[in-house]
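# Structural overview
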Amino acid sequence: MKIERAAVIGAGVMGAGIAAHFANAGIPCVLLDIPAKEGDRSAIAKGAVAKMLKTDPAPFMHPKNARLITPGNLEDDLNLLADVDWIVEAIVENPAIKADLYTRIDPVRKAGSVVSSNTSTIPLAVLTGGQSERFAQDFLITHFFNPPRYMRLLEIVGGPATRTDALAAIADVCDRRLGKGVVHCKDTPGFIANRIGVFWIQAAVNAAVDLGLTVEEADAVGGRPMGIPKTGVFGLMDLVGLDLMPHIAKSMLATLPAGDAYREQVREHAVITRMIADGYIGRKGKGGFYRINKAGGGKVKESVDLKTGAYAPSEKARLDSVSSAGRDLRKLCEHPDKGGRFARRVLAQTLAYAASLVPEIADSIVAVDEGMRLGYNWKQGPFELIDRLGSVWFAELCRSEGIPVPALIETAAGRPFYRVEDGKLQHLTTGGVYDTVVRPDGVLLLSDVKRAAGKPVWKNGSASLWDIGDGVLCVEFTSKMNAVDADIMAAYGKAMGLVGDGKGVWKALVIHNEADNFSVGANLGLALFALNIGLWPQIEEMVEGGQRTYRALKYAPFPVVAAPSGMALGGGCEILLHSDHVQAHAETYVGLVEVGVGLIPAWGGCTEMLARHQANPKAPRGPMPGIAKAFEIISTATVAKSAAEAKELLYFRATDGITMNRDRLLADAKAKALELAENYTPPEKTTAYVLPGPSAKAAMELAVEGFALQGKVTPHDKVVCAALADVLSGGDSDVSKPVGEDHVLRLEREAFMGLVHTTGTIDRIEHMLLTGKPLRN
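Residues numbered from 1 in each chain as written. Predicted model: local features only at pLDDT ≥ 70, side-chain atom pairs only at ≥ 80, totals over all residues. Heavy atoms only, no water.

## Looking at empty space enclosed by the protein
We count it as follows: Detection works on a 1 Å grid of protein atoms alone, calling trapped sets that fit a 1.4 Å probe cavities and calling open sets with protein on both sides within 12 Å along at least five of seven lines pockets, with lining residues defined by an atom within 4 Å of a point. Grid points are joined across faces, edges and corners, and a volume is the space filled by probe spheres set on the points. Secondary structure is summarised from DSSP: a helix means a run of H or I of at least four residues, a strand means a run of E of at least two, and numbering begins at the N terminus for each. Each residue gets one of three labels, nonpolar for Ala, Val, Leu, Ile, Met, Phe, Trp, Tyr, Cys and Pro, charged for Asp, Glu, Lys and Arg, and polar for the others, Gly among them.
In this structure the tally under the stated criterion is one cavity of 30 Å³ or more. The calculated volume of the largest cavity comes to roughly 30 Å³. Taken together, Arg551, Lys554, His578, Gly604, Thr607, Glu608, Glu741 and Leu745 make up the full set of residues lining the largest cavity. Mapped by element, the contributors of at least two residues to the lining of the largest cavity are α23 (536-554), α25 (605-614) and α31 (741-756). Class assignment for the residues of the lining of the largest cavity results in one nonpolar, three polar and four charged.

## Considerations on the sheet that holds strand β17 (residues 472-477)
Note on sheets: strands pair through backbone hydrogen bonds, and any given pair is parallel or antiparallel. Keep this limit in mind: At least two DSSP bridges between two strands are required for those strands to pair. In this description, contact between two residues means that some pair of their heavy atoms is separated by no more than 4.5 Å. Helix axes use the C-alpha atoms of the stretch in contact, all axes being lines fitted to C-alpha atoms, and the angles between their N-to-C directions lie in the range 0 to 180 degrees.
As summarised here, the arrangement of the seven strands in space is β15-β16-β17-β18-β19-β21-β24, forming an open sheet in which the pairing is mixed. The sheet is open, and its two edges are formed by β15 (458-459) and β24 (657-659), each paired on a single side. Note: β17 against strand β18 (residues 508-512), four bridges, orientation parallel. By the bridge assignment for β18, Val475 is matched with Ile511. Lying over the sheet, helix α21 (residues 486-499) contacts β15, β16 (463-467), β17 and β18, oriented at roughly 175° with respect to β17.

## Quick look at the packing of aromatic side chains
Each aromatic ring pair is specified by the distance between its two centres and by the angle formed by the two planes. Heads up, the condition is: Working definition: a ring pair exists when centres of Phe, Tyr or Trp rings (six-membered ring for Trp) sit within 6.5 Å. Plane angles under 30 degrees give stacked, over 60 give edge-to-face, the rest tilted. Whether a residue is buried, partly exposed or exposed follows from its accessible area with a 1.4 Å probe, protein chains only, as a fraction of its type maximum: under 20%, in between, or over 50%, in that order. To sit over a ring, a charge needs its Lys NZ or Arg CZ within 6 Å of the ring centre and within 35 degrees of the ring normal.
Going through the model one piece at a time under the given rule, you end up with 14 aromatic pairs. An angle of 25° between the planes, with centres 5.3 Å apart, marks the rings of Phe135 and Phe139 as stacked. Measuring from centroid to centroid gives 5.0 Å for Phe383 and Phe417, while their planes differ by 65°, and the two rings are edge-to-face. Taken together, the residues span a long stretch of sequence, with Phe383 in helix α17 (residues 382-389) and Phe417 in the loop between α19 (407-412) and β12 (418-421) at a distance of 34 residues. Per residue, the accessibility class of Phe383 equals that of Phe417, and both read buried. Among the aromatic residues, those joined into a ring-pair cluster are Phe477, Tyr492, Phe518, Tyr550 and Trp603. Its guanidinium or amino end placed over the ring of Tyr311, Arg291 lies 3.9 Å from that ring's centre, counting from NZ or CZ. Over the ring of Tyr555 we find Lys685, and its NZ or CZ is 5.4 Å from the ring centre.

## Comments concerning the side chain of Ser642
For Ser642, the location among the structural elements is in the loop between β23 (639-640) and α27 (643-648). Accessibility expressed as a relative area gives 0% for Ser642, which makes it buried. If near-sequence neighbours (up to four positions away) are discounted, Ser642 is found in contact with Met61, Arg149, Ala586, Thr588 and Tyr589.

## Some details on the sheet that holds strand β10 (residues 300-304)
The three strands are arranged β9-β10-β11 in an open sheet whose pairing can be described as antiparallel. The open sheet terminates on both sides in strands that have one partner only, identified here as β9 (290-293) and β11 (311-313). The average angle at which neighbouring strand axes cross in this sheet is 40°, direction not considered. Note: β9 against β10, four bridges, orientation antiparallel. Considered in β10, the bridge of Arg291 is made with Glu302.

Structure representation (structure tokens):
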């Protein structure tokens, strides 16, 4: 069966977000809620859509996606369900109210359509109780995580009566079109991620209170050192809302078995109870464990004292355990200070709990680890963390903390839960043997390629070249934050030399990595070092060399496909502009942001954006509209907040591809590279830039002056914008005499070199490196 149209019932934050994500995937969606008491009877659903268009972070990948949602109400518009293939129920967590809704929608939905609940706590058996046999066959649980656009986990639960083709169809559409990591769970309370995640939060809060840690100290230990989001547990609670925790605890306690270890963790903390009662429920309230005090016109970050409930200025945690352990998790746990004791207790309790739940909640440890990575943004899942500690050491930790050693830890008997055998990743089963980790059809991960190959085709300090099969070579960045440096440029050169004319061993090149961000741009630290000691010829060669390399890739006799995800900024964006094709993950954030450090794009970014906007068939005729649009985007460091927005800004072409599931990105990019390799012809050089010269520059500078008068432009902004205007206007060119790429590239170099000689630009670079924030000088 195919899922072509969907419906969501319940237009709250979660339901509306699910509807928005259906729209992001190009799936038309009906959104229904109860009728409004006054005025437009569909006002609740319509209001939810309108609110999402103003929400940040945006539920929609592009505002135009809202057009795919048809809002309505449950009394007048139930007939709309007759045309949809999948109905998602996302109403209040009350079995009786859900049951009443199901009996209303069952007669009107079309035969073979699927109904699912977004419940996170109610067993499937309870939801299908009293419903028709047909309904039970078409019913399952699809648990999305909030916000649905950004959280990759989708937990899916089928019942004994659920059709296998329905399960397969929903899993497939969630994977390929919604971009979810689909994890199959058993019908148990909290499924996987919330079962473990809620336990972890409660255990961490208890340990922090018992051991006398401040919220900053607990988050410092329970964040990055453990591979958990930098928010830590208290920052995470502020994000999701403190008021949700008592409700979740109540739901879990109502359904968990009598001897479950979670019951021992549930404790009321007077300070937290008072915070909730007073409206200090996190970011959506007056503050939470952290708050911003704006008294007296200032902005002071404060944190709460877990013993007294009083707020005081937040202080950075200073614990020897954190500073001395680094990334050594066992060393952190063995440290005698309170940070080490906190880590020991929380990890022992949480990981032992997770290990005790397999196979109750899932058939394999792989599903559990993926659930925690995708649902709670852990860098590593529970069993991967146990491998970091060692299963024998962890068993001793459990004993020292008075925790029974789980059977699965005993089964491991000192062996790792994951191993690599013959280049394949394997996991330990509950039966004590190893099975290969199987990827879904069509998934190609660079990490798997690297395991299988053992070593790259070539590597240096910042990049590696990998054989991804079928004559396709992949460039992987490996520098810190994938910042572009001379070694990455050298890797491009080596790759071009290996691929040659594209008619030998290698046919095409893909540029891809699996880091959080594709590339944050040029290595500013190296640039600042060169500036401080006056290496002007080397800086100019760095700029010109980058231009040569990017142009060589653009006009290479073989196809170059870039496959970005996460941030692709500055020089990382410029490589995308020079690729034959971009196959981007939907959550790719692209921008030429050089003005923030007092520079302009000089590896061809201005040249490419100018060409694209002047050739844009949707723009008004004449040379100025394209120039003005490129100037607006670059001078304001506009960043596309999705791949769809990147197309609108022309960072991407209309023909570039978007992959919703990040795990499928490399396979899609490789397929496109092979497609392009058939009878490939390099692009022709752009030779007809029509640039008005001084008159265009004057117009752009006049616009900047207007913003300056409004206080929106700083003195050095004006300097940078003048340099950018000179490049985009063509310098001293004449509108009657079109110029080529070489002319514009020369202007890029000259503008860049002029700016690096200014103290304003040097100050901006230093400030960015020190604070991570732009200087408004």
